[in-house]
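Architecture and fold: a report
This is what each chain is made of:
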Amino acid sequence: HLQPEMDINSGLQTNSIRVIKQDDKQRIWVGTDHGLVILNDKDSSFKNITDKFSDQQVYGLAIYKNCALIGTRFNGLYIYDLSSRQLIKNFDSTEIGLCLRFKLIRDTIFFGTSRSAFYLIKNDNNWNLTKIKSIDTIGVFSDFALWQGHVFASFYAHGNQHIYQFQNDSFV
């Protein structure tokens, strides 16, 4: 049972909430400037993952193929297996940058970072991360959408918002 309002007075570590996602077990995952919180975890079985991220800024979350993707400000992208309750993969921030928004489109996770845009696909037990080529190199990919069968990304740079279409591992 969720309270109508959650803040530091009702148990959150901070009022700076960056992202909220709900998994198929109705748990609410909250990424904050002071860690990860999982609400409606009736048996506290996720304590190990919330403890792991207690001092990190969580900016991105996605639930994908029985895994939680957790994007952090300084430590990259973590993949957490919901069945085994284990961290199974980490893409370091030196490789990808600050993780921002995740978007599941078809069977692919698209996400922007402080350095570029990427897409992630899980095949069997392998996680394939691909950097998307872009005509712009300075700016931030802020969101992704499927429209008329094509993937588009919004890109913010130099005070302007741009829209690019995804084709063959590139934005054009």
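Residues numbered from 1 in each chain as written. Predicted model: local features only at pLDDT ≥ 70, side-chain atom pairs only at ≥ 80, totals over all residues. Heavy atoms only, no water.

1. Observations concerning the pattern of salt bridges
- Applying the stated rule across the entire model yields 4 salt bridges.
- Notably, a salt bridge pairs Asp-107 with Lys-65, separated by 3.1 Å at the nearest N-O pair. Note that Asp-107 is positioned in the loop between β8 (99-105) and β9 (108-113) and Lys-65 in the loop between β4 (58-64) and β5 (67-72), a separation of 42 residues in sequence.
- A salt bridge links Lys-103 to Asp-143, with the nearest nitrogen and oxygen atoms 3.5 Å apart. Of this pair, Lys-103 sits in strand β8 while Asp-143 is found in strand β12 (residues 140-147), placing the two residues 40 residues apart along the sequence. (Salt bridge = Lys/Arg side-chain N within 4 Å of Asp/Glu carboxyl O. Helix = DSSP H or I, 4+ residues; strand = E, 2+ residues; numbered from the N terminus.)

2. Quick look at the pairing of β8
- Bridging between β8 and β9 involves 5 bridges; their strand directions are antiparallel. Bridge pairing links Leu-104 to Ile-109 in β9. (Pairing = 2+ DSSP bridges.)

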